[in-house]
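Listed below, chain by chain, are the residues.
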Amino acid sequence: MDLSYTPAEEEFRARLREWLAKVLPSLPPKPSPDDWPGRRAYDLGWQRMLYDAGYADVHWDASPTTRLIFLEETEKAGAPYVGANFVGLLHAGPTIAAEGSAGQRARWLPPILRGEEVWCQGFSEPDAGSDLASLRTRARRDGDAYVVTGSKIWTSHAEVADWCELLVRTDAQAPKHRGISWLAMPMDAPGVTVRPLRTLAGSTEFAEVFLDEVRVPVANRVGEENDGWRVTMVTLSFERGTAFVGEVVACRRVLGEIAREARANGRWDDSGVRRRLGRLNAEFRALWRLTQWNVSEGEASGGVPGVGGSVFKLRYSRARQELYDVAAEVLGADALDLERGWVLDRLSSLSYTIAAGTSEIQRNIVGERILGLPKG
């Protein structure tokens, strides 16, 4: 498989680098992590700048390789992260682009690209755990609307979202994977209650969402009724396939910072520390190559990442935790200083073997869909 870049792709990279170098110094200061309305405005403002410069469509209208270059270069340049736009740009948007009708694409994609609307993800439920298909939130058909009742948890960016990509059970009698539908729910609909959740790192980017007979138009269903599990697999393939690309680049940068810190404070003299840093360097280089492979495979299959994303997510989530374990070893007593960015990153890294599908779920996917092992 050819993992090299074409002249046109390299030209895109050079043009993007030049633009980033020009605009990044002009950005306003980032708002406080606790100021979610401010963070929403900041993130939407950055997305509008990308839109005006012609870079907003890389998440679904460009080729997977162009998307990879964009994520790599923006991370290297220190550009703002997608932030509150995460679900819209990397999950819901690509899913609607791949599975939505022409009318749905025209309604929801342009506002995401222009930095006008924020989406959240309403998948997980309190009693479902890692078994996403056992969700209990019900959607009863009533004329041209679904009446939705239930609750969601770990709903990303719910407190500032305009829309929610929502999984509901539309047929309680069908086998659990076949009675699910994928809806786009307006967050300002009557009956929606949002309760922010504070994480171990002190942030509130997640929330509980309670739904009390919320009416969602049938026209907001993406895909056929009871075909939501298949649509969800498209969403999750994007979440596991390309959504973490920028973070791999960030981890490689942090690894270099840890090595410099170790040289400065004497921890570099410990051969065990050097060995762990060297192995992680090889790990992240391999993960980057795996990312390129997955992107090439997605390009050959129409732009939707395949199950190789589960291999990537499985190994990346563990490597990220190992990276910040080494960072704590290098920092020593400073590893307890919550003012240090690495300390907060270490706390957030603990969730990576759970978020976007637990490592146990990823192993099942790898075993069944790649290795051909029997279920159970």
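Keep in mind the model is a prediction, meaning the values are calculated, not measured.

Q: Would you explain unusual backbone geometry in this entry?
A: Backbone phi values are negative for most residues with the exception of glycine, while trans is the configuration of most peptide bonds. Phi at H157 is positive, roughly 60°, even though this residue is not glycine. Tracing the sequence through the fold places H157 in the loop between strand 3 (145–152) and strand 4 (163–169). Taking relative accessible area as the criterion, H157 reaches 9% and is therefore assigned buried. Here N226, not a glycine, exhibits a phi torsion of approximately 70°, which is positive. Judged by relative accessible area, N226 falls into the partly exposed class, the value being 22%.

Q: How should the nonpolar core be read in this particular structure?
A: Soluble, globular proteins show a tendency: their nonpolar side chains are buried together. The biggest cluster of nonpolar side chains holds 45 residues, and the ones touching the most others in it are W19, W46, F70, I258, F284 and L323. Not counting the four nearest positions on each side in its chain, W19 is found in contact with W46, M49, L50, A53 and Y55. In this structure, W60, V82, L132 and V222 belong to the second largest nonpolar core, which totals 26 residues.

Q: Explanation requested: the side chain of E75 in the structure shown.
A: The residue E75 is located in helix 3 (residues 64–76) in this model. If sequence neighbours within four positions are ignored, E75 has contacts with G246, V249, A250 and R253.

Q: Please clarify how the environment of R263 should be interpreted in this entry.
A: Turning to its location among the elements, R263 is positioned in helix 7 (residues 245–265). Remark: the alpha-carbon pair of R263 and R274, spanning eleven residues in sequence, is separated by 10.0 Å.

Q: Mind showing me how you'd approach the pattern of salt bridges here?
A: Side-chain pairs of opposite charge can arise whenever the charged atoms involved come near each other. Going through the model one piece at a time under the given rule, you end up with 27 salt bridges. A salt bridge links R13 to E10, with the nearest nitrogen and oxygen atoms 3.1 Å apart. With R13 and E10 both in helix 1 (residues 7–23) and three residues apart, this pair spans about one turn of that helix. What makes R13 buried here is its relative accessible area of 8%. With a closest N to O distance of 3.3 Å, R315 and E322 form a salt bridge. Classification of R315 by relative accessible area gives partly exposed; the value is 31%. Bridged by salt links that share partners, the residues E10, R13, R17, E72, E73 and K76 form one connected network.

Q: Help me understand the environment of W342, please; the structure alone is not making it clear to me.
A: Of note, W342 is situated in helix 10 (residues 341–349). As a C-alpha pair, W342 and A327 span 15 residues in sequence and 7.0 Å in three-dimensional space. For W342, the residues in contact, after removing those within four places along its chain, are V254, E257, I258, E261, Y324, A327 and L331.

Q: I would appreciate a short explanation of the packing of helix 1 against helix 2 (residues 36–53) in the present structure.
A: Packed helices, taken two at a time, are described by the angle between their axes plus the distance between the axes. For the pair helix 1 and helix 2, interaxial distance at closest approach is 12 Å and the crossing angle is 135°. As the angle between them shows, helix 1 and helix 2 are arranged oblique. Once helix 1 is placed against helix 2, the crossing between them reads as right-handed. In contact with W19, L20 and V23 of helix 1, helix 2 contributes W46, M49, L50 and A53. Classifying every residue of the contact of helix 1 with helix 2 by side-chain character gives seven nonpolar, no polar and no charged.

Q: What is the right way to read the pairing of strand 4 from this model?
A: Each regular strand displays side chains that alternate between the two surfaces of the sheet. The buried fraction of strand 4 is high, at seven of seven residues. Residue alternation in strand 4 divides its side chains into two sets, W163, E165, L167 and R169 and C164, L166 and V168, and both sets are buried. Examined bridge by bridge, strand 1 (residues 119–122) and strand 4 share four bridges and lie parallel to one another. Opposite Q121, over in strand 4, you have E165 as the bridge partner. Bridge count between strand 4 and strand 5 (residues 180–186): seven bridges; the pairing is antiparallel. Its bridge partner lying in strand 5, E165 is registered against A184.

Q: Can you help me understand the side chain of Q321 in this one?
A: Relative to the helices and strands, Q321 resides in helix 9 (residues 308–331). Judged by relative accessible area, Q321 falls into the buried class, the value being 8%. A distance of 2.8 Å separates the side chain of Q321 from the side chain of R318, its partner in a polar contact.

Q: Could you clarify how one ought to interpret the pairing of strand 7 (residues 206–217) in this entry?
A: Both strand 3 and strand 7 contribute to a ladder of seven bridges, which runs antiparallel. Its bridge partner lying in strand 7, V147 is registered against R215. Inspection of the sheet shows strand 6 (residues 192–197) paired to strand 7 by six bridges, in the antiparallel sense. Bridging across to strand 7, P196 finds its partner in A207.

Quick notes on the rules
Residues numbered from 1 in each chain as written. Predicted model: local features only at pLDDT ≥ 70, side-chain atom pairs only at ≥ 80, totals over all residues. Heavy atoms only, no water. Helix = DSSP H or I, 4+ residues; strand = E, 2+ residues; numbered from the N terminus. Buried < 20%, exposed > 50% of the residue type's maximum accessible area, 1.4 Å probe, protein only. Core = buried A, V, L, I, M, F, W, Y, C linked by side-chain atoms within 4.5 Å. Contact = heavy atoms within 4.5 Å. Salt bridge = Lys/Arg side-chain N within 4 Å of Asp/Glu carboxyl O. Axes fitted to C-alpha atoms, helices over the stretch in contact; angles between N-to-C directions. Parallel < 35°, antiparallel > 145°, perpendicular 65-115°, else oblique. Left-handed = near helix turned anticlockwise from the far one by under 90°. Nonpolar A, V, L, I, M, F, W, Y, C, P; charged D, E, K, R; others polar. Pairing = 2+ DSSP bridges. Polar contact = N/O pair within 3.5 Å; in protein donor to acceptor, adjacent residues only side chain to side chain.

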